[in-house]
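Next come the chains, spelled out residue by residue.
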There are 2 protein chains.
Amino acid sequence: MSFLYKSDPVRGAQWAQRFAQKAPDLAFRIWPDIGDPKAVRYLAAWQPPDDPVALLPNLEVVFSVGAGIDQFDLSSVPAHIPVVEGMVEYVTQAVLTIHRDLFDYAAQQRAQVWGEIPVRAAVSRRVGVLGIGTLGQAVLDMLRRFGFPCAGWSRTPRTLAGVDCYAGDAALDAFLARTDILICLLPLTGSTRGLLGARVFDALPAGASLVQVGRGPQLDAAALLAALESGRLDSAILDVTEPEPLPAGHSFWTHPRIRITPHIASATRPGTAVDAVLANIARHRAGQPMVGVVDRARGY
Amino acid sequence: MSFLYKSDPVRGAQWAQRFAQKAPDLAFRIWPDIGDPKAVRYLAAWQPPDDPVALLPNLEVVFSVGAGIDQFDLSSVPAHIPVVEGMVEYVTQAVLTIHRDLFDYAAQQRAQVWGEIPVRAAVSRRVGVLGIGTLGQAVLDMLRRFGFPCAGWSRTPRTLAGVDCYAGDAALDAFLARTDILICLLPLTGSTRGLLGARVFDALPAGASLVQVGRGPQLDAAALLAALESGRLDSAILDVTEPEPLPAGHSFWTHPRIRITPHIASATRPGTAVDAVLANIARHRAGQPMVGVVDRARGY
C-alpha cells in the first residue's frame with residue numbers, strides 16, 4: 001500500500017520524512033517514481049495526473065495540496081484544502097469577535113469592570129465580503145450558518161446561493177452602505193492598492209468594522225486611524241499590514257480598537273498539511289469518516 | 001394579516017410595542033385573544049397550541065420563543081431560538097480564539113512583536129463538551145463544520161451523529177484524556193459544583209484549554225490558577241464566575257491567560273428576539289429566505 005506525492009519535490013521530501021515517522025507502514029512515493037501503480041491508495045497532488053483512475057486503479061483518496069493563495073488554480077482544486085480552512089477559521093473568529101463585542105469586553109477586563117453590553121442578533125448584523133473567489137465563498141458559506149445577512153462584491157458579476165451579489169465599481173457604494181462588517185479578501189492589483197481608504201470608509205454605515213485579510217498595501221493607514229477616531233469605524237482586525245513585519249512603534253500596535261496578527265489567517269506549511277493528511281489517513285484506515293481536505297477519486 | 005404571540009404576557013406587551021413601531025401594518029395579538037384565526041400568518045410561541053394547523057389554517061411561520069436556559073423544555077422547542085444562537089456564537093468564537101493562538105498574538109501585540117506561531121490543523125485539535133443537551137448539541141454541530149474531532153460527555157448515555165459520546169463518571173477520564181479544548185455546558189447540581197478542579201484538569205492532556213459557559217460555582221478558582229501556572233492548562237475563557245459580578249481586584253481579571261466576559265454567552269432579551277423576528281418577517285414578506293429561528297408550520 002502506498003502514498004503518492006505529486007507536487008513540489010522539496011516539500012515532498014519534508015512529507016516523506018514526516019510519513020516515515022508517523023506512518024512507517026505506508027510506502028511514500030514522489031512523482032514520477034510511482035512504483036507499482038496498483039499499490040497506490042492515496043494521492044496528494046497539486047495537479048492530479050490526467051486520468052488518475054485509469055493510471056492508479058486502486059486509488060481511494062485524493063488530497064489536494066496547494067502552495068499558497070497566489071498560486072491557486074481555481075479550476076482544479078477542491079475548496080477544502082488547508083489554506084481555505086485556515087482562512088475560514090480566522091475570518092469567522094474575527095467576525096464573531098466584533099459581533100459579540102469582544103473589543104469592549106477586553107477593555108472592561110483591563111478596567112476590571114463587569115458590565116453586560118446589549119447583544120445584537122446575527123440577523124441584524126450585515127456582513128460583506130470584498131472578493132468572492134474560492135476563499136470568499138468558503139468564508140461566506142460559514143458565516144451564513146450563523147444567520148448573518150451576507151453579501152459579496154466582485155469586479156465581474158457572480159451568483160452565489162444565499163448571498164446578495166454586487167459587481168463592478170458602480171455597485172460598490174450600495175454594497176458598502178449595507179455592510180456592518182467589511183471583510184477584504186481582494187488580491188493586490190493596481191485598482192485595489194489604497195482601496196481601503198476614506199472613500200470606502202465613508203460609504204459604510206457609521207460604526208462599521210473592518211476585517212482586512214487581503215494584502216497590506218490595500219489599506220490607507222492614516223484613513224483608518226481617522227475613521228476610528230471619528231467613530232465612522234468601530235474597530236479593525238488586520239492580518240496584513242504595510243510594511244510587513246509591522247515595525248515596533250507603529251501606531252496600530254497600541255490602538256485599543258485595532259487587532260494585529262502577523263499574516264497568519266491562511267497560513268499553511270508542510271507540517272500542517274501533512275499532519276492533516278496523516279490524521280485523515282488514520283481515520284480512513286480505521287473506517288471512520290475523514291474530515292475536510294478530501295476528494296474521492298471515484299467521483300472525479 | 002396578524003401575528004399571534006403565545007408566551008409570557010409581560011414580554012408580549014414589550015413585543016407589541018416594538019411591532020407597533022416597526023411593523024404597524026401587522027396586527028399583533030396576544031394569546032388567547034387570537035381574533036380571526038384565518039388572519040394569523042405568524043405565530044411566536046413558547047408552547048405552541050396543540051394542533052396549530054387546524055386552529056390557524058393560514059399559518060405560515062412559527063417562531064419559537066424561550067425564556068432562558070433554565071426554563072428550557074427540550075421536548076418542544078427547535079434548536080434555533082436566540083439563546084442557542086448566542087451560545088453557538090460565543091463558544092465558536094472562544095474555541096477559534098484558542099485554536100488560532102489569539103492569547104499569544106495578543107501578548108505579541110502588547111509587546112509590539114510580529115512573529116508567526118505554527119498553525120495546527122483543526123483535525124488535530126480535539127474538542128470536548130461536558131453536557132450535551134440542546135445547547136451542547138448545537139455547539140458541537142457548529143464545531144464539527146470546522147473539522148475539529150468532537151466528543152461529548154453526559155451523565156446518561158446519548159448518541160449523536162459525528163460525535164464520540166461518553167457517559168457517566170466511569171467514562172469521564174477517558175473523555176478528558178482526548179480533549180484539548182474542554183467546554184463546560186453543565187447545569188449547576190450537587191455533583192457539578194466544584195467539578196472543574198484539580199482532578200479534572202489533571203486528566204486533560206498537558207496544555208489543554210477551558211471554555212467555561214456553565215455556572216460559576218462549578219469552577220475551583222485556586223485549581224485553575226495552579227493549572228495555568230504549571231502549564232497543565234494553557235488558557236481559560238470564562239463567561240461565568242463565582243461570585244458574579246466578579247469583584248475588582250480578583251486575580252482572574254489581570255491573568256494574561258484568562259479571558260473574562262460577564263455572563264453574556266447566551267444573553268437574550270426581548271429586543272433581540274423581537275428584532276430577529278421582525279427582520280425575518282420582513283425577509284419573508286419580500287419573498288427572501290428567512291435566517292435561523294424558524295420552523296414551518298406545515299412540517300410540524
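Look above for the structure.
Counting restarts for each chain: residues are numbered from 1 in the order of the written sequence. All chains are assigned letters beginning at A, and all ligands numbers beginning at 1, according to the order in which they are written. Under the rules for a predicted model, residues below a pLDDT of 70 receive no local features and side-chain atom pairs below 80 are neither given nor counted, while totals for whole chains, interfaces and linings still include all residues. To obtain the side-chain values, all non-hydrogen atoms of the structure were used and water was disregarded.

### Points about helix α4 (residues 102-110) of chain A
Then comes step 1: If you check which residues of α4 of chain A are buried, you get Leu-102, Phe-103, Tyr-105, Gln-108 and Gln-109 of chain A.
Then comes step 2: Phi turns positive one or two residues past the end of α4 of chain A, at Gln-112 of chain A, with a value near 60°. The classification of residues rests on relative accessible area computed with a 1.4 Å probe and restricted to protein chains. Under 20% of the type maximum is buried, over 50% is exposed, and intermediate values are partly exposed. Counting from the N terminus, the helices are DSSP H or I runs at least four residues long and the strands are E runs at least two residues long.

### Points about the relation of the copies chain A and chain B
Then comes step 1: Our superposition of the copies is a least-squares fit, built on the C-alpha atoms of residues whose pLDDT is at least 70 in both. Between chain A and chain B, the superposition needs a rotation of 180° and an axial shift of 0.1 Å, giving an RMSD of 0.3 Å. In symmetry terms, the pair is related by a two-fold rotation axis. The rotation axis passes nearest to the C-alpha of Gln-93 of chain A in chain A, at a distance of 2.6 Å.
Then comes step 2: Residue contacts are defined here by distance: any two heavy atoms, one from each residue, within 4.5 Å place the two residues in contact. A shared interface surface links the copies, since 100% of the contact residues of chain A are contact residues in chain B too.

### Description of the packing of aromatic side chains
Then comes step 1: Note on aromatic pairs: the rings of Phe, Tyr and Trp (six-membered ring only in Trp) are paired at centre separations within 6.5 Å, and the planes decide the class, stacked below 30 degrees, edge-to-face beyond 60, tilted for the rest. Tallied over the entire structure, the rule returns 20 aromatic pairs over all chains.
Then comes step 2: Centroid distance Phe-19 of chain B to Phe-28 of chain B: 4.9 Å. Interplanar angle 50°. Geometry classified as tilted.
Then comes step 3: In textbook terms, an aromatic cluster arises when at least three aromatic residues are bridged by ring pairs, as seen for Phe-3, Tyr-5, Trp-15, Phe-19, Phe-28 and Tyr-42 of chain A.
Then comes step 4: In this analysis the charged atom, NZ for Lys or CZ for Arg, is taken to sit over a ring once it is within 6 Å of the ring centre and within 35 degrees of the ring normal. The ring centre of Trp-31 of chain A lies 5.2 Å from the NZ or CZ of Lys-6 of chain A, which sits over that ring.

### Quick look at the pairing of strand β1 (residues 2-6) of chain A
Residue and element names in this part refer to chain A.
Then comes step 1: For β1, the buried fraction is high: 5 of the 5 residues fall into the buried class.
Then comes step 2: Here β1 pairs with strand β3 (residues 40-45) via 5 bridges, running parallel. Considered in β3, the bridge of Phe-3 is made with Tyr-42.
Then comes step 3: We treat two strands as partners when DSSP finds at least two bridges between them. Examined bridge by bridge, β1 and strand β2 (residues 27-30) share 4 bridges and lie parallel to one another. Residue pairing in the sheet places Ser-2 in a bridge with Ala-27 of β2.
Then comes step 4: Once you follow β1 into helix α1 (residues 9-22) and on to β2, the crossover reads as right-handed. By convention, orient the strands away from the viewer: a clockwise path from the first strand over the helix to the second makes the crossover right-handed.

### Description of the interface of chain A and chain B
A common measure of how large an interface is: the accessible area buried when the components associate.
Then comes step 1: Listed per partner, the contact involves 59 residues of chain A and 59 residues of chain B.
Then comes step 2: A quick way to say it: buried area is the sum, across both parts, of accessible area lost when two parts are put together, with a 1.4 Å probe. Of the roughly 5,000 Å² buried at the junction of chain A and chain B (both faces included), carbon and sulfur atoms supply 65%.
Then comes step 3: Any Lys or Arg side-chain nitrogen found within 4 Å of a carboxyl oxygen on Asp or Glu counts as a salt bridge. Where chain A meets chain B, there are 2 salt bridges.
Then comes step 4: Across the pair Glu-89 of chain B and Arg-100 of chain A runs a salt bridge, and its minimum N-O distance is 3.1 Å.
Then comes step 5: Definition of a polar contact: a pair of N or O atoms within 3.5 Å, with one able to donate and the other able to accept a hydrogen when the atoms are protein atoms, and with sequence-neighbouring residues admitted only if both atoms are side-chain atoms. At the junction of chain A with chain B, the criterion picks out 20 residue pairs in polar contact (both at pLDDT 80 or more).
Then comes step 6: If you list the elements that add at least two residues to the side of chain A that touches chain B, you get α3 (82-99), α4, α9 (251-254), β11 (258-260) and α10 (270-285) of chain A.
Then comes step 7: Residues are grouped as follows: Ala, Val, Leu, Ile, Met, Phe, Trp, Tyr, Cys and Pro are nonpolar; Asp, Glu, Lys and Arg are charged; every other residue, Gly included, is polar. In terms of residue class, the side of chain A that touches chain B is made up of 29 nonpolar, 19 polar and 11 charged.

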